[in-house]
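An overview of the molecular structure
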Amino acid sequence: KQREVSRYTAVYVKLDGKWLLDRVSEENIMELPSHFEQLKSLEWLTGTWGDQDESATVVIDCYWSRNENFLVRSFTIQIRDSIEMAGLQFIGWDPSTKKIRSWVFDSDGGFGHGTWSNKGNMWYVQQSGVLPDGRITSSVNVITYLDDTTCSLQSINRSVDGELLPNVQEVVLTKESSEK
């Protein structure tokens, strides 16, 4: 259902002690489209997700931006008592390519971008980036929807300046309950 938005101006004049409506003018306001429809298949990512073992803790918070044009994900990787890395990712619809894209910025000064595709319950993010020292990275990040409270992450086909790196083992994340 498309909503219409307009702005109007009303001019009143006072004549013989009474306020009378002199004129009304209306101006249409162009409303920019929302990309929610193109992103709603990723809505399950919203919320707080985490995983923890004896040495590391991963926390990912995901929420909609204003007007639901982007999903915003903040992440923290903590090793023992120290934050190893943190960052921010924006996921949005690219109307020029008709694809879901993402942009990520980490606390060390690295950044990257990715293109998302989906097969069944798996999302593949073809990622390219730049490390803080200028080296070029690439990887395929695989995000698998397991159920409403469980997903997995894995990074495969990783390289830095063309040199292959080992895959990152799959991590299973659990969504925190919104009921507290």
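The present account deals with the structure reproduced in this document.

Calculation rules
Residues numbered from 1 in each chain as written. Predicted model: local features only at pLDDT ≥ 70, side-chain atom pairs only at ≥ 80, totals over all residues. Heavy atoms only, no water. Helix = DSSP H or I, 4+ residues; strand = E, 2+ residues; numbered from the N terminus. Buried < 20%, exposed > 50% of the residue type's maximum accessible area, 1.4 Å probe, protein only. Contact = heavy atoms within 4.5 Å. Salt bridge = Lys/Arg side-chain N within 4 Å of Asp/Glu carboxyl O. Phe/Tyr/Trp six-rings, centres within 6.5 Å; stacked < 30°, edge-to-face > 60°. Lys NZ or Arg CZ within 6 Å of the ring centre and 35° of its normal. Pairing = 2+ DSSP bridges. Core = buried A, V, L, I, M, F, W, Y, C linked by side-chain atoms within 4.5 Å. Patch = residues over 30% accessible without salt bridge, like charges linked within 9 Å, V, L, I, M, F, W, Y side chains within 5 Å. Areas by Shrake-Rupley, 256 points an atom, 1.4 Å probe, with all protein chains shown as cover.

1. A short note on the side chain of Gln-89
For Gln-89, the location among the structural elements is in strand β6 (residues 82-94). Residue classification places Gln-89 among the buried positions, given a relative accessible area of 9%. Those residues in contact with Gln-89 that sit more than four places away from it in its chain are Leu-71, Val-72, Arg-73, Ser-102, Trp-103, Val-104 and Trp-116.

2. Quick look at the side chain of His-35
Position of His-35 relative to the elements: it lies in the loop between β2 (18-28) and α1 (36-39). We classify His-35 as buried; its relative accessible area is 18%. Excluding residues that lie within four positions of it along the chain, His-35 makes contacts with Glu-68, Asn-69, Trp-93 and Pro-95.

3. Considering the pattern of salt bridges
Applying the stated criterion to the full structure yields 5 salt bridges. In this structure, the salt-bridge partner of Arg-135 is Asp-133, at a minimum N-O distance of 2.8 Å.

4. Things to note about the packing of aromatic side chains
Under the counting rule described, the total for this entry stands at 4 aromatic pairs. Seen in terms of ring centroids, Phe-36 and Trp-64 are 5.2 Å apart; in terms of plane orientation they differ by 55°. Their pairing is tilted. Taken together, the residues span a long stretch of sequence, with Phe-36 in helix α1 and Trp-64 in strand β4 (residues 56-64) at a distance of 28 residues. Since its relative accessible area comes to 17%, Trp-64 is described here as buried. A connected cluster of aromatic rings, assembled from ring pairs, spans Trp-44, Trp-49 and Tyr-145. Between the NZ or CZ atom of Lys-119 and the centre of the ring of Tyr-124, over which it lies, the distance is 5.9 Å.

5. Describing the pairing of strand β5 (residues 70-79)
The sheet contact formed by β4 and β5 spans 9 bridges and is antiparallel. Its bridge partner being in β5, Thr-57 is matched across the sheet by Gln-78. Between β4 and β5, which pair antiparallel in sequence order, lie 5 residues; one of them, Asn-67, sits at a positive phi of approximately 70°. Two elements, β5 and β6, share 10 bridges in a ladder whose sense is antiparallel. Counted as the bridge partner of Phe-75 is Gly-87 from β6.

6. Some points on the nonpolar core
Soluble globular proteins tend to bury their nonpolar side chains together. Within the largest apolar cluster, 22 residues are counted, with the highest numbers of intra-cluster contacts made by Leu-42, Trp-44, Leu-45, Ile-91, Ile-100 and Trp-116. Here this core gets 4 residues from one element, more than from any other, and that element is β4. Apart from residues no more than four positions distant in its own chain, Trp-44 is found in contact with Trp-49, Trp-123, Ile-143, Thr-144, Tyr-145, Cys-151 and Lys-175.

7. A word on a nonpolar patch on the surface
Residues Tyr-8, Tyr-12, Trp-19, Leu-21 and Val-24 make up a contiguous nonpolar surface patch of roughly 650 Å² in combined accessible area. In terms of residue count, the dominant contributor to the nonpolar patch is β2 (3 residues). Checked against the element boundaries, Tyr-12 lands in strand β1 (residues 6-15).

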